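Structural overview for review
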Amino acid sequence: MFFTGDPTTRKRVDLGGRSSKERDRQKLIEQTRLERNRRLWLRQQNSAAIKIQKCFRGRKAVEAEHDKVRDQFYRTYGKSYLNINRQSFGPDSEFLRNLFFFFNAQNNGDFTVLVETCRLLLQLVQDNGDIISLFGGVDYLTNHALVDYRVKQLAFCCIQAVYHNREQLKDQVLMTPWESSEPAVVLLEVVVLLIDQKLPWACKIVGYLLQRNVFTLFREIVLVGKENRRPNNCVGKAPSLERMLSMIISHVGQKPCICPHIDPLCSFSSQMLTIPFLWQLFPSLKEVFATRELSRHYTHQMALCVQGHANVLPNDVSAEYPGYACLLGNMLETAGVTLSQPDCSFEMAIDLAAVTTFLLETLPPIKSSSRETRESSTLAEDDAALPDEMEIVLNRDLEQQITNAINSRFLLQLTNVLFGEISLNGSHYGLDEKEVTAVGAACAFLNVIFNTLPLERIMTILAYRTDLVRVLWNFMKQCHEKQRWSSLPEQLLHLPADVPGWLLPLAVFCPVYKHMLMIVDNEEFYEQEKPLSLKDIRCLIIILRQALWQLLWVNPMAHNNAVKQMMNTSAYRRNPVESIKHRAVLDGTKANDIMKRAPFLVPFTSRVKIFNSQLLAARQRNGAHGVFTRNRFRIRRDHILEDAYNQMSALSEEDLRGLIRVAFVNEFGVEEAGIDGGGIFKDFMENITRAAFDVQYGLFKETADHLLYPNPGSGMIHEQHLQFFHFLGTLLAKAMFEGILVDIPFATFFLSKLKQKFNYLNDLPSLDPELYRHLIFLKHYQGDISELELYFVIVNNEYGEQTEEELLPGGRNNRVTNENVITFIHLVSNHRLNFQIRQQSSHFLRGFQQLIQKDWIDMFNEHELQLLISGSLESLDVDDLRLHTNYAGGYHSEHYVIEMFWEVLKGFSLEKQKKFLKFVTGCSRGPLLGFKFLEPLFCIQRAAGSASEEALDRLPTSATCMNLLKLPPYRSKQQLETKIALRYKC
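Note that the structure is predicted; figures quoted are calculated from it, not measured.

Moving on, we get to the environment of Ser 924. Its place among the elements puts Ser 924 in the loop between helix 43 (910–921) and strand 8 (938–942). What Ser 924 contacts, discounting residues up to four positions off in sequence, is Asp 743, Lys 914, Leu 917 and Lys 918. A polar contact of 2.9 Å, which involves the side chain of Ser 924, links it to the side chain of Asp 743.

If you want it as structure tokens, here you go:
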């Protein structure tokens, strides 16, 4: 502020309307409040200090009193060898009262006294056998309150003593009383003695121990002991700790048990079942736990926690042994025994499905180690996969425990119990609550299984050995017919409220049904109408179309938002609902979603236009600098394949996308006349593809239908065969990239490799029809297949050299039986269709994807992909060709020779038209979208020097590089037809 010359000062005005007195008052109030809070804080500090001092003085006083009683106890009963007898345990004796008063489990002297006391107790009971009179005297009922208190204290003191000294006793805690009388064994044996269910105080002791959360103590004892476990020399004899745990868990939940409910965090399920491989330590405990009532009780207890989303698991033992995975493994290991019991209840199966579903959701995906999965991979062995961020890696043995438990027997038992009372007769099928619950539980469990475990382990079982497909289909069909989908989320607790009720059943049904179709032959599908009738298949198509319409068009945004949120979490792949949604929708517009997830809903011609636009955009991106970075090949016609391989393999991906010009060199090393404006390159591509894919060259073989596929024995012919397959993949991609049609018919099972898909039994007839017939014979064989002496091996025969290969580890010793014949059929098909050509296909794919992106061809199936490569198989549209034809050399559209030519061509048969087109353009098929897309356009030119009579006897000629027909001016239609037929062998 600057001085203005005015000596007066202006009065400060509070724009808020408050006076200075009001501001001072508010300041005083604030200061008073702060001072009051400071005094309160000081009083609280003083009060806390006084309490600590009192507690400290009180604790010191208690410790002094403990020491006083302890000294008196030692003087009375002796410090080393106790001066006690049978009467010392009676209700009138002060022995136990004094011992419990001063006992400290961490005091070595107290520990020794307790051990010797327990040792004497065991001896007395062994000699007399009457433990009730030992503690209760003549009349237990009169003294039961005191006696019950003392035995509860004694049992807990024994457990405390072992717990606090577990490091020193780690070699003893898993011993049996038959092999040792070490302190830990003595203490635990006393607990076993006291909680015998025949004793009147057993329930009270167990209840007291549970209130003191003893399972948390047992957990630590076991974890220390298992690391120092010694072989059990007493066969059939369980360790004291195992016997004690068996008695405690078998007591809980039994009538007339009155044990109180405890915190789930401290329960047996949370504390003990989360110990890795618990049943390996305690096999007898496993048998006790697997009994119907016990497993039902503890499974239901865990199911209640799952429904309440309560986190009741202790800290993990280690990163590779997470508690939820250990709990899952231990539960599944006993679940098979429980489900196999004839009186296993529906409610038990529902609880088990709920708990295992919840635990499986948190499990990282488990990769299969079987040869089946490795062989079916389309990637070569040296392909490195990028690891997931913060990937959780389970211990291999723990993974094995889980996957081994979810075997065929378990899946059969679970589905049988869940679906046991559901009718498979659609006319009597009703959507009652029990059936909806069963379907919901099974679908939630199986959907998580599909996202977690290797599918080859479970799909065959579900498809061929359970009624899952029929049950789910009847369920979905009834829901569809009765329009009851909207009410299902209220009953399916596994689903959020906004999820369509058909989503989960459909997501489980489709992959299992698809697996069944992989091995269904035509007779079964059409004549026997298995696995579904043709009428039901039509209904299924309607349901699928409606589902796709709902997911991809009607309400895609809700699903998209949910997927985005889930993708920000580490577990989104394992969520049973969001994982299904993620399969159905991706980010982007509705149309984009449909093109990516359901392209078959879009007309083929529309998809071809999109594909061509993608190619055009890619060419234009590289065309701006293509003129300046043009690559020029010098190709010897008699060494076209070798020269092209050497020169094209040296190009980068960017150069491959650019223009390539070709100059042919004759046998004298002189370049042929002519400038490549695109026509010579087209001629080069036609010639090289014809040479490279010729079966005589040895890289490809033909099926009986003359369709090409990689030669499994190509390595026996060409040392660098894999590099050649990479080159051929690039070559085919370059032809497609430049819009050049090549007349190369590929086998469907090889085209599937360009889409990175697997092949199955239904693809085998095109490769080996005889092998297919043999496999179908095995599938329908009514006798004992094991008598056929087949094993899991296959014989490869390439160029007279036979080699035997195992389909599974140990396959030479694994006989094919009625139980595993479906697996054998799958493995044989997989070997021939996937494994034998995996390296060739993988290198071909790498070269192909240098120019053609995967998402460009994902819009098409294998048959449509062949059309993209070679053009349309339909009849030649002569009118369309005429509409898009240029003329030269004096010809025009109304010239009489041209008029005759079109009449002749239109009168040819389709076979003759295809031959004519091949000799003029190099390909027997026309462009998919019409001849307006033929590059360059078809042209008819008057043959040079054709005015003379001698010239009229000449045959027409063509230049396929320019799609050019050189036609003499024949004088009659008959002459023109004859000459064309002679020249093009039409």
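Our focus in this paragraph is the pairing of strand 5 (residues 793–798). As defined by bridge partners, strand 5 adjoins strand 6 (residues 801–806) across six bridges and the pair is classed as antiparallel. Counted as the bridge partner of Glu 798 is Glu 801 from strand 6. Joining the antiparallel neighbours strand 5 and strand 6 is a turn of two residues, in which Tyr 799 adopts a positive phi near 55 degrees.

Another point: the packing of helix 36 (residues 769–779) against helix 37 (residues 821–835). The axes of two packed helices give the description: the angle between them and the distance between them. Helix 37 packs onto helix 36 with a crossing angle of 170 degrees between their chain directions and a minimal axis gap of 10 Å. The pairing of helix 36 with helix 37 is recorded here as roughly antiparallel in orientation. Along this stretch, helix 36 crosses helix 37, giving a crossing that reads as left-handed. For the pair helix 36 and helix 37, the contacting residues are Leu 771, Leu 775, Leu 778 and Lys 779 in the first and Val 821, Ile 822, Phe 824, Ile 825, Val 828, Ser 829 and Arg 832 in the second. Grouping the constituent residues of the contact of helix 36 with helix 37 by class yields eight nonpolar, one polar and two charged.

Moving on, we get to the UniProt feature "active site" (unreviewed entry) in the chain. Under the UniProt annotation, "active site" (unreviewed entry) lies at Cys 961. Structurally, Cys 961 can be placed in the loop between strand 9 (957–959) and strand 10 (964–967). Not counting residues within four places of it along the chain, the set of residues in contact with Cys 961 comprises Gly 679, Ile 680, Lys 682, Asp 683 and Pro 936.

Further remarks concern the packing of helix 3 (residues 108–128) against helix 5 (residues 140–164). As a packed pair, helix 3 and helix 5 sit with axes 11 Å apart at the nearest point and diverge in direction by 125 degrees. With respect to helix 5, the element helix 3 is oriented oblique. In the crossing of helix 3 with helix 5, the sense of the turn from one axis to the other is left-handed. The residues of helix 5 that touch helix 3, namely those facing Phe 111, Leu 114, Cys 118 and Leu 121, are Leu 154, Cys 157, Cys 158 and Ala 161. Considered class by class, the residues forming the contact of helix 3 with helix 5 number eight nonpolar, no polar and no charged.

Here the focus is the packing of aromatic side chains. Under the counting rule described, the total for this entry stands at 45 aromatic pairs. Ring geometry for Phe 289 against Tyr 298: centres 5.8 Å apart, planes inclined by 35 degrees, an arrangement best described as tilted. Judged by its relative accessible area of 2%, Phe 289 is buried. Put simply, the rings of Phe 73, Tyr 74, Tyr 77, Phe 89, Phe 95, Phe 102, Phe 135, Tyr 140 and Trp 201 touch in pairs and so form one group of aromatic residues. If you follow Lys 237 out to its NZ or CZ, it ends over the ring of Trp 178, 4.9 Å from the centre. Across the ring face of Phe 664, the terminal group of Arg 637 is positioned such that the distance to the ring centre comes to 3.8 Å.

Here the focus is empty space enclosed by the protein. Where empty space is left in the structure can be found by rolling a water-sized probe over the atoms. Scanning the entire structure with this criterion turns up one cavity of 30 Å³ or more. Approximately 40 Å³ is the volume found for the largest cavity. Surrounding the largest cavity, Phe 289, Ser 295, Thr 299, Met 331, Thr 334, Ala 335, Thr 338, Met 348 and Leu 352 form its lining. Elements represented by at least two residues in the lining of the largest cavity include exactly helix 13 (292–307), helix 14 (323–340) and helix 15 (346–361). By residue number, the principal contributor to the lining of the largest cavity is helix 14, which donates four residues. A breakdown of the residues in the lining of the largest cavity according to their chemical character gives five nonpolar, four polar and no charged.

Reading across the sheet, the four strands line up as 7-8-10-9 and stay open at both edges, with mixed pairing between neighbours. Across the chains shown, the open sheet's two edge strands, defined by having one partner strand only, are strand 7 (885–888) and strand 9. Each neighbouring strand pair of the sheet contributes to a mean axis angle of 20 degrees, computed without reference to strand direction. Bridging between strand 7 and strand 8 involves four bridges; their strand directions are parallel. Bridging from a neighbouring strand, Asn 886 pairs with Cys 939 of strand 8.

So, how was this worked out
- Residues numbered from 1 in each chain as written.
- Predicted model: local features only at pLDDT ≥ 70, side-chain atom pairs only at ≥ 80, totals over all residues.
- Heavy atoms only, no water.
- Helix = DSSP H or I, 4+ residues; strand = E, 2+ residues; numbered from the N terminus.
- Contact = heavy atoms within 4.5 Å.
- Polar contact = N/O pair within 3.5 Å; in protein donor to acceptor, adjacent residues only side chain to side chain.
- Pairing = 2+ DSSP bridges.
- Axes fitted to C-alpha atoms, helices over the stretch in contact; angles between N-to-C directions.
- Parallel < 35°, antiparallel > 145°, perpendicular 65-115°, else oblique.
- Left-handed = near helix turned anticlockwise from the far one by under 90°.
- Nonpolar A, V, L, I, M, F, W, Y, C, P; charged D, E, K, R; others polar.
- UniProt positions renumbered as here; feature names shortened; annotations may be inferred.
- Phe/Tyr/Trp six-rings, centres within 6.5 Å; stacked < 30°, edge-to-face > 60°.
- Buried < 20%, exposed > 50% of the residue type's maximum accessible area, 1.4 Å probe, protein only.
- Lys NZ or Arg CZ within 6 Å of the ring centre and 35° of its normal.
- 1 Å grid on protein atoms, 1.4 Å probe; cavity = no way out; pocket = protein on both sides within 12 Å on 5 of 7 lines; lining within 4 Å.
- Points joined across faces, edges and corners; volume = space filled by probe spheres on them.

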